[in-house]
6 protein chains.
Amino acid sequence: MRPSGRQISELRPVSIETGVMKHAEGSCLIRCGDTHVLCTATLEERVPPFLKNTGLGWVTAEYGMLPRATNTRMRREAKNGQSGRTQEIQRLIGRSLRAGIDRSALGERQISIDCDVIQADGGTRCASITGGWVALRLAVNKLMKAGDITSDPLTDHVAAVSCGVYAGQTILDLDYAEDSQAGTDANFVMTGSHGLIEIQGSAEGATFSRTQFDELMNLAEAGITQLVEAQKAAI
Amino acid sequence: MRPSGRQISELRPVSIETGVMKHAEGSCLIRCGDTHVLCTATLEERVPPFLKNTGLGWVTAEYGMLPRATNTRMRREAKNGQSGRTQEIQRLIGRSLRAGIDRSALGERQISIDCDVIQADGGTRCASITGGWVALRLAVNKLMKAGDITSDPLTDHVAAVSCGVYAGQTILDLDYAEDSQAGTDANFVMTGSHGLIEIQGSAEGATFSRTQFDELMNLAEAGITQLVEAQKAAI
Amino acid sequence: MRPSGRQISELRPVSIETGVMKHAEGSCLIRCGDTHVLCTATLEERVPPFLKNTGLGWVTAEYGMLPRATNTRMRREAKNGQSGRTQEIQRLIGRSLRAGIDRSALGERQISIDCDVIQADGGTRCASITGGWVALRLAVNKLMKAGDITSDPLTDHVAAVSCGVYAGQTILDLDYAEDSQAGTDANFVMTGSHGLIEIQGSAEGATFSRTQFDELMNLAEAGITQLVEAQKAAI
Amino acid sequence: MRPSGRQISELRPVSIETGVMKHAEGSCLIRCGDTHVLCTATLEERVPPFLKNTGLGWVTAEYGMLPRATNTRMRREAKNGQSGRTQEIQRLIGRSLRAGIDRSALGERQISIDCDVIQADGGTRCASITGGWVALRLAVNKLMKAGDITSDPLTDHVAAVSCGVYAGQTILDLDYAEDSQAGTDANFVMTGSHGLIEIQGSAEGATFSRTQFDELMNLAEAGITQLVEAQKAAI
Amino acid sequence: MRPSGRQISELRPVSIETGVMKHAEGSCLIRCGDTHVLCTATLEERVPPFLKNTGLGWVTAEYGMLPRATNTRMRREAKNGQSGRTQEIQRLIGRSLRAGIDRSALGERQISIDCDVIQADGGTRCASITGGWVALRLAVNKLMKAGDITSDPLTDHVAAVSCGVYAGQTILDLDYAEDSQAGTDANFVMTGSHGLIEIQGSAEGATFSRTQFDELMNLAEAGITQLVEAQKAAI
Amino acid sequence: MRPSGRQISELRPVSIETGVMKHAEGSCLIRCGDTHVLCTATLEERVPPFLKNTGLGWVTAEYGMLPRATNTRMRREAKNGQSGRTQEIQRLIGRSLRAGIDRSALGERQISIDCDVIQADGGTRCASITGGWVALRLAVNKLMKAGDITSDPLTDHVAAVSCGVYAGQTILDLDYAEDSQAGTDANFVMTGSHGLIEIQGSAEGATFSRTQFDELMNLAEAGITQLVEAQKAAI
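For the structure given in this document, a descriptive report is provided here. Bear in mind that the values here come from a model prediction, so they are computed numbers and not experimental data. All residue numbers refer to position in the chain's written sequence, counted from 1. Chains carry letters and ligands carry numbers; both start at the beginning, A for chains and 1 for ligands, and go up in the order they are written. Predicted model: local features are reported for residues with pLDDT of at least 70 only, side-chain atom pairs are reported and counted for 80 or more only, and whole-chain, interface and lining totals are derived from all residues. Based on all heavy atoms of the structure, the side-chain values leave hydrogens and waters out of the count.

Some details on the overall build of chain A
Reasoning step 1: Strands here are runs of E lasting at least two residues and helices are runs of H or I lasting at least four, both read from the DSSP assignment and numbered beginning at the N terminus. Across its full length, chain A carries 6 helices and 9 strands.
Reasoning step 2: What the globule rule says is 2.2 Å times the number of residues to the power 0.38, and the radius of gyration is computed from C-alpha atoms. In terms of overall dimensions, chain A is globule-like: its C-alpha atoms have a radius of gyration of 18 Å, near the 18 Å expected for 235 residues.
Reasoning step 3: In terms of overall dimensions, chain A has a C-alpha envelope of 50 × 40 × 30 Å along the principal axes.
Reasoning step 4: Accessibility here uses a 1.4 Å probe with only protein chains present; expressed as a share of the type maximum, an area under 20% marks a residue as buried, one over 50% as exposed, and anything in between as partly exposed. Per-residue burial over chain A gives 60% buried out of 235 residues.
Reasoning step 5: Whether two residues touch is decided by their heavy atoms; if any such pair falls within 4.5 Å, the residues are in contact. Within chain A, residue pairs in contact and separated by at least 24 positions form 68% of the contacts whose partners lie at least 6 positions apart.
Reasoning step 6: As displayed, chain A has an accessible area near 8600 Å², and 47% of this comes from carbon and sulfur atoms.
Reasoning step 7: Charged residues are defined here as Lys and Arg on the positive side and Asp and Glu on the negative side; His and the ends of the chain fall outside this count. Taken as the charge centre is NZ of Lys, CZ of Arg, CG of Asp or CD of Glu, depending on the residue. When the 24 positive and 28 negative side-chain charges of chain A are each reduced to one mean point, those points stand 7 Å apart. Using the Shrake-Rupley algorithm and a 1.4 Å probe, accessible areas are obtained, with residue cover drawn only from the displayed protein chains.

If you want it as structure tokens, here you go:
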């Protein structure tokens, strides 16, 4: 039934390759099917002005897409400024990752997560969160190994997956062909123990019902479990 | 228990005053407690380029806030450009209102909804959607009265309300004092018949559970019912 | 003779409603006929860098217009930046209000006046000055009541009115229909005792003579007297 | 009494050198004392969109200043965008020159006047108008010589001069040292026959009286007469 | 002698992997040591306005760098606009590739080359040109295979290499450690037959002599020969 | 053979007039045929942040062109921002002038060179460097005369000239008519003793050979010798 031929509750093949960037404190290339995102963590011993002398650290994120990551070339944002969509996504990534960190255990330092979409086939914001967490984990591991922090500030895994209503059917992990035809599109960000961090559900044509939304959340929980497994395997 | 002294499931007083702007095709001033938003609808007999010769109309929205709508004066966006938050909100308003309209019944014309926050006390995006729909309704009524369209393109009411987890308790319609302390904040956009258009739930500190989220949705459904009553009374 | 049916030297009905904004240190909604401007004063205990350690205060102003304040919707300046016209107007408002204040009696603090045009029907810059002064007055009263300053820094009222040559006749207080057809348009900013603060006269088609300009100034003086009465009544 | 040692009603030495730019359709270098402005006219056989098929032409102006035209180097506007002051000045120049032209005799073509301040010592906007008119005159002469237009669209000379109140005394043609100390600063734009095009008077500290303003206008009329003589001599 | 331990005339290991991007008409990942650049070619059946109806095609290029491609994270250009350096580089890439193409054989179509630096260790502009040519070659091959063009518009290979004076010694293909210490840095763009397309030599401290420059060009010719071999091997 | 009628190795007439700007610490108007550039030096007793407490000075440059310096009016960069070409040129001027200065002898101060093209006929960047050096020399002389520095920080003259291949022939100092038809265009920046500072050679159509490039450099050396003579004569 799905253009991808996948089962209703079947994730695309996920791979997370770590240590792909020479300079970054943490990095991975996450592949969810044909969606490929390069995630790097940059550690800096400073915080934004509003956090000075609070003892709290900060995690922030930026998101970008190579112009030809998509089927039709997009205009380069360096020439036009970041679109509203880009800003919305990077705010989501930052918010999601901060939900899984004890900022006082991190101390007054900042970790910047860059998520750059090399190739896009739907679900880039979710892949960015799942991969971004791995980069964050690696940078934090480095800090702990160096003895700069003693207790682990990461309280749980953070991962994200999209679900949707396609041809009247609730399905997991939409690729671009599915997403562009879906009646409803929902993104779920959860911890490894299925604590909810962020839910974004949106009707694209017809509205959706509470029952459908419940089914989407069931699918999401199953997907998150698998993505967290992939994160664990990668580290 | 609530700073506002309201019951857990109690909306702030809502008033919707229509016809407040001399020039606009539709307008209202919506007051949800101390949150006041001026909503206007502008009708234009043209559509964006991507809709030319499709027979389909368009509804779009823009959002703004007066610099001193808030307790501390904010920098004027005309001097600095729209923030990511502003863009995110106006995309949400437009998407929400489009979900309640039959764009082919509207025909090739565009209705622009401007939502300008005169005074802010939490929940400005929800008030903008609820009030924006009234402005839209009035502009469409004008079109129908003039005989420019024959069948009503508005398929149902559209309204929005926020809910949240405050001091461990799920509550309806957060004002600023509640919102700034809430552990979870969720916005629900629904039709008059409780069809879901948009759900945005976000953990601000601790994560939230499925059970809590279900309670939030119960509160939201009750709130939407009342807001739709206020819309009906206004028109 | 006038489209408005008014006498040559007749102001539009003026009303000034104070205390309309919950958060601002001073605020009013001024209505000059169908021109409605919301004016707020924001008090800050800091001055721009060039005034640090001088003992002098500062008054500044910003001006904006809601997109549908006018008959045809204007593009939102938050999306495009402030136009030259907007910048010119807000520089005029600030300059005018500073002419009526003893900046050393104010002390090292800044009052920002925001003038936002809710509805426009000609004469928005003049209404902004007249209403802006009321907001300023209220904020200064608050400072004095709190004992933060002892002598009143406001040296006199400041008000503004437009005059013009319409169909060969000099008239007072042009509305949009008159202004768009006027051969000459002049704005006068004066103190309560008719001290001149700013004169801006501009030929729109034919030039104007010294005699005509003298008549315009006579009209303006009469108009200012009435506007200052309205200011007094409001406070 | 004046820092410049000039009489109260004495202009600075004026020189207008024409034909200084190889490429422009009209050009001059106007020197008013140490204020030097290069003015060029560019003729284009097209009009802005709002004038298409109206039979009317257009005159527009742009203004700039070399970074080291002034005593302290200013930031280059190409790096920061045009300031409000620059936009205000170029709008004034364009408006002033349009007041002296019959746009239907010009026909559907546009003349752009560029006024670039090479060296500044007060009064740059006035020198730009006086010199800009000469560049305009030369470009129109070229059109007439070529037979492209038959009746002269220029209805009269246009020139401008500043006056002010300095040390309690009304004076003509302020240089920078005088302008920076003046209590009132006023710019007058007139035709050769003293028809008024634009008046801009501004109190810098104390307000000014009607009597003082009358004296300023007397000075201005005398100054304009001499500037128009200089324009005639140059062509 | 070299920090890299390489011989004076030794290139870094070069690898060019093609077909790395699903959507692009041509793509490769070029690795020159630790400098990795992703190059894509986008084919569009349109040309810039100035080429319409000329029968000529166009090749253009854009250049970017991931924020953490470098040792210290750089600010994202999407947030700040393209730097002068970025613009200079992308103009160079475009100019270089156009020098190797017969634009009339290409016909009225445009090929956009995007060069995105994934990891940087010196020589990114040269790697972009060498890799960009491969992406261009692949896109042109696709056009020819499809029969859209009949004669090959590519007249020769185009490749680029940097040389410099390091510790008084002329060396080939500087990496970052060498480049940051080099007294002179020169980039050479050549065809496969050593026709010169672009030379950019720059003294960083002391000036350089004609003799030194001749040695740099000898090194460059040898390097280009090897890079062209790598291009041939990749296709 | 040349459109200009000049010999192959003949410079355009060069004149350098100094002291042309009242306010600047150093200034000249350089004329290379019909290319006229106004160069000013601004001395400031501060350095950019990255040089604080290093004991080193800085020389920087900015470049601009009046809108009607060229045959067709160009858009004013103050309205659109600096083009890539402008930024590339001003980076080149700054780099070139810094190559001729001992920044530790200059001490912690900055000299900003502004090069503004009043009229353009090819070779504006070269004229800017040659004239910019004269402005720099004059500003440094002023510093030395005042006893602010004791040893001369200028190590040699710096001048620049363009050469090119026109109709198959190598020629010196291209004007616009020649430059727009040239097959190759090369700019050479050298010291008075022919030390090389910068070489930029670019094929515009056909590639160029090493032999041709050698001839261009011969021409350049002869041209630089004459330009340095003109600099000496001017000071």
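Regarding the interface of chain E and chain A
Reasoning step 1: Between chain E and chain A, the residue contacts involve 35 residues of the former and 35 residues of the latter.
Reasoning step 2: By definition, the buried area sums, over both parts, the 1.4 Å-probe accessible area that each loses when the two are put together. When chain E packs against chain A, close to 2900 Å² is buried across both sides, 47% of that on carbon and sulfur atoms.
Reasoning step 3: Considering only the surface of chain E that becomes buried against chain A, H23, R68 and R76 of chain E emerge as the three largest contributors, covering 26% of it.
Reasoning step 4: When a carboxyl oxygen of Asp or Glu lies within 4 Å of a side-chain nitrogen of Lys or Arg, that pair is called a salt bridge. At the junction of chain E with chain A, the criterion picks out 16 salt bridges.

Comments concerning the arrangement of the chains
Reasoning step 1: Contact between chain B and chain E is absent, and the least distance between their C-alpha atoms amounts to 12 Å.
Reasoning step 2: Structurally, chain D and chain E remain out of contact, their C-alpha atoms never closer than 12 Å.

Side note on the relation of the copies chain E and chain A
Reasoning step 1: Least-squares fitting of chain E to chain A yields an RMSD of 0.0 Å, with the transformation described by 0.0 Å of translation along the axis and a rotation of 180°. What the superposition gives is, in effect, a two-fold axis relating one chain to the other. Among all C-alpha atoms of chain E, that of A78 of chain E lies closest to the rotation axis, at 1.8 Å.
Reasoning step 2: The residues that chain E uses at the interface reappear at the interface of chain A in 100% of cases, marking a shared surface. Fitting of the copies onto one another was done by least squares over C-alpha atoms, counting residues only where both copies have pLDDT of at least 70.

Focus on the side chain of T124 of chain F
Residues and elements named next belong to chain F.
Reasoning step 1: Mapped onto the elements of the fold, T124 is located in helix α4 (residues 124-145).
Reasoning step 2: Pairs of N or O atoms within 3.5 Å make up the polar contacts considered here, provided that, within protein, one atom can donate a hydrogen while the other can accept it, and that residues adjacent in sequence are counted only when both atoms are side-chain atoms. Here Y63 takes part through its side chain, which lies 2.6 Å from a polar atom of the side chain of T124.
Reasoning step 3: Not counting the four nearest positions on each side in its chain, T124 is found in contact with T35, V37, Y63, M65, R85 and V117.

Quick look at the relation of the copies chain C and chain B
Reasoning step 1: Superposition record for chain C on chain B: RMSD 0.0 Å, screw rotation 180°, translation along axis 0.0 Å.
Reasoning step 2: A shared binding surface is used by both copies, with 100% of the interface residues of chain C retained as interface residues in chain B.

Let's talk about the interface of chain C and chain B
Reasoning step 1: Counting residues at the interface gives 35 residues for chain C and 35 residues for chain B.
Reasoning step 2: Between chain C and chain B, the buried area comes to about 2900 Å², and carbon and sulfur atoms account for 48% of it.
Reasoning step 3: Considering only the side of chain C, the residues that lose the most area to chain B are H23, R68 and R76 of chain C, jointly responsible for 26% of the buried surface there.
Reasoning step 4: Where chain C packs against chain B, one counts 16 salt bridges.
Reasoning step 5: Residue assignment for the side of chain C that touches chain B shows that the elements contributing at least two residues are β3 (35-44), β4 (58-65), α1 (77-80) and β5 (110-119) of chain C.
Reasoning step 6: The dominant element in the side of chain C that touches chain B, judged by the number of residues it contributes, is β5 of chain C, at 6 residues.
Reasoning step 7: For this classification, the nonpolar set comprises Ala, Val, Leu, Ile, Met, Phe, Trp, Tyr, Cys and Pro, the charged set comprises Asp, Glu, Lys and Arg, and every other residue, Gly included, is treated as polar. When its residues are assigned to classes, the side of chain C that touches chain B shows 13 nonpolar, 10 polar and 12 charged.

Observations concerning the sheet that holds strand β1 (residues 14-18) of chain C
Residue and element names in this part refer to chain C.
Reasoning step 1: What the 5 strands build is an open sheet, ordered β1-β2-β3-β5-β4; its pairing is mixed. Here the strands that pair on one side only, and so sit at the sheet edges, are β1 and β4. Pairwise comparison of adjacent strand axes, ignoring direction, gives a mean angle of 20° for this sheet.
Reasoning step 2: By the convention used here, strands pair only if DSSP detects at least 2 bridges between them. Pairing geometry for strand β2 (residues 26-32) and β3, over 7 bridges, is antiparallel. Within β3, the position partnered with G26 by the bridge is A41.
Reasoning step 3: Running at roughly 145° to β4, helix α2 (residues 84-98) makes contact with β4 and β5 of the sheet. Interaxial angles span 0 to 180 degrees and are taken between N-to-C directions of axes, which are lines fitted to C-alpha atoms, for helices over the stretch in contact.

Focus: the environment of T54 of chain E
Residues and elements named next belong to chain E.
Reasoning step 1: Note that T54 resides in the loop between β3 (35-44) and β4 (58-65).
Reasoning step 2: Sequence separation between T54 and E108 is 54 residues; the distance between their C-alpha atoms is 7.6 Å.
Reasoning step 3: Within the local environment of T54, its side chain forms a polar contact with the backbone nitrogen of L56, the two atoms lying 3.2 Å apart.

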